[in-house]
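Residue-level structural notes
What follows is the residue order along each chain.
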Amino acid sequence: MRETVITTETIANPKSHYGNAKASTRHFITQRVTGASNILFLALLLFIVVRLAGQDRTDVVSLLGQWWIGLPFAALIAIVAIHMRNGMRETLEDYLAGSTYRLAMLLNTLFCLAVALLGAGAVLKIVFWG
């Protein structure tokens, strides 16, 4: 596979096109929507942190076991993982290219997927099975 070399002349030329415009727009919108929802969920997160300060495991399980707290908290974990993936994508695009970038994005995606599945799964287990 031939890799395209992007030079400063290519970037400086306003008529040059590189990358997928639809994918970039999708990532831009996803980053903004997840960022806005993180702000909305901030009150829930602050409530949980303040409520559980200095408490033991049984208090954590009893608080997160309530569906009106546990379900939005699981959604928050998943949304934060999506936001984290997109943020790292932008950083990786700036510093890596070619097969190194693809490998780094694969590892980034797998890590964020693991965080989302394990974190949200743990909270949902507490909500539904105690």
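Read on for a plain summary of the structure. (Residues numbered from 1 in each chain as written. Predicted model: local features only at pLDDT ≥ 70, side-chain atom pairs only at ≥ 80, totals over all residues. Heavy atoms only, no water.)

**Here we look at the overall build of the chain**
Along the chain, the regular secondary structure elements total five helices and zero strands. Listing the helices and strands of the chain from first to last along the sequence gives α-α-α-α-α. In the chain, buried positions account for 27% of the 130 residues. Considering only contacts within the chain whose residues lie at least 6 apart along the sequence, 69% involve residues at least 24 apart. About 9300 Å² of surface is accessible on the chain, with carbon and sulfur atoms providing 69% of the total. (Helix = DSSP H or I, 4+ residues; strand = E, 2+ residues; numbered from the N terminus. Buried < 20%, exposed > 50% of the residue type's maximum accessible area, 1.4 Å probe, protein only. Contact = heavy atoms within 4.5 Å. Areas by Shrake-Rupley, 256 points an atom, 1.4 Å probe, with all protein chains shown as cover.)

**Focus on a nonpolar patch on the surface**
Nonpolar side chains collect at one region of the surface, where Leu103, Leu106, Leu107, Leu110, Leu113 and Leu117 lie side by side and expose about 600 Å² of accessible area between them. Its place among the elements puts Leu106 in helix α5 (residues 98–129). (Patch = residues over 30% accessible without salt bridge, like charges linked within 9 Å, V, L, I, M, F, W, Y side chains within 5 Å. Salt bridge = Lys/Arg side-chain N within 4 Å of Asp/Glu carboxyl O.)

**Considering the pattern of salt bridges**
This model, assessed by the stated rule, comprises one salt bridge. The shortest N-O distance in the salt bridge between Glu93 and Arg89 comes to 2.9 Å. Of the two residues, Glu93 and Arg89 are both situated in helix α4 (residues 67–95); the distance of four residues between them amounts to about one turn of the helix.

**Comments concerning the packing of aromatic side chains**
Using the criterion set out here, one finds two aromatic pairs in the structure. Relative to Trp68, the ring of Trp67 lies with its centre 6.0 Å away and its plane at 85°, an arrangement referred to as edge-to-face. For the pair shown, Trp67 and Trp68 are each scored as exposed. Note on Phe128 and Trp129: the rings are 6.0 Å apart at their centroids and 65° apart in plane angle, and the pair reads as edge-to-face. (Phe/Tyr/Trp six-rings, centres within 6.5 Å; stacked < 30°, edge-to-face > 60°.)

**Some points on the packing of helix α2 (residues 21–51) against α4**
At their nearest, the axes of α2 and α4 sit 8 Å apart, and the two run at 140° to each other. With respect to their mutual orientation, α2 and α4 come out oblique. The two elements α2 and α4 cross, and the hand of that crossing is left-handed. Residues of the contact of α2 with α4, tallied by class, amount to 13 nonpolar, 10 polar and four charged. (Axes fitted to C-alpha atoms, helices over the stretch in contact; angles between N-to-C directions. Parallel < 35°, antiparallel > 145°, perpendicular 65-115°, else oblique. Left-handed = near helix turned anticlockwise from the far one by under 90°. Nonpolar A, V, L, I, M, F, W, Y, C, P; charged D, E, K, R; others polar.)

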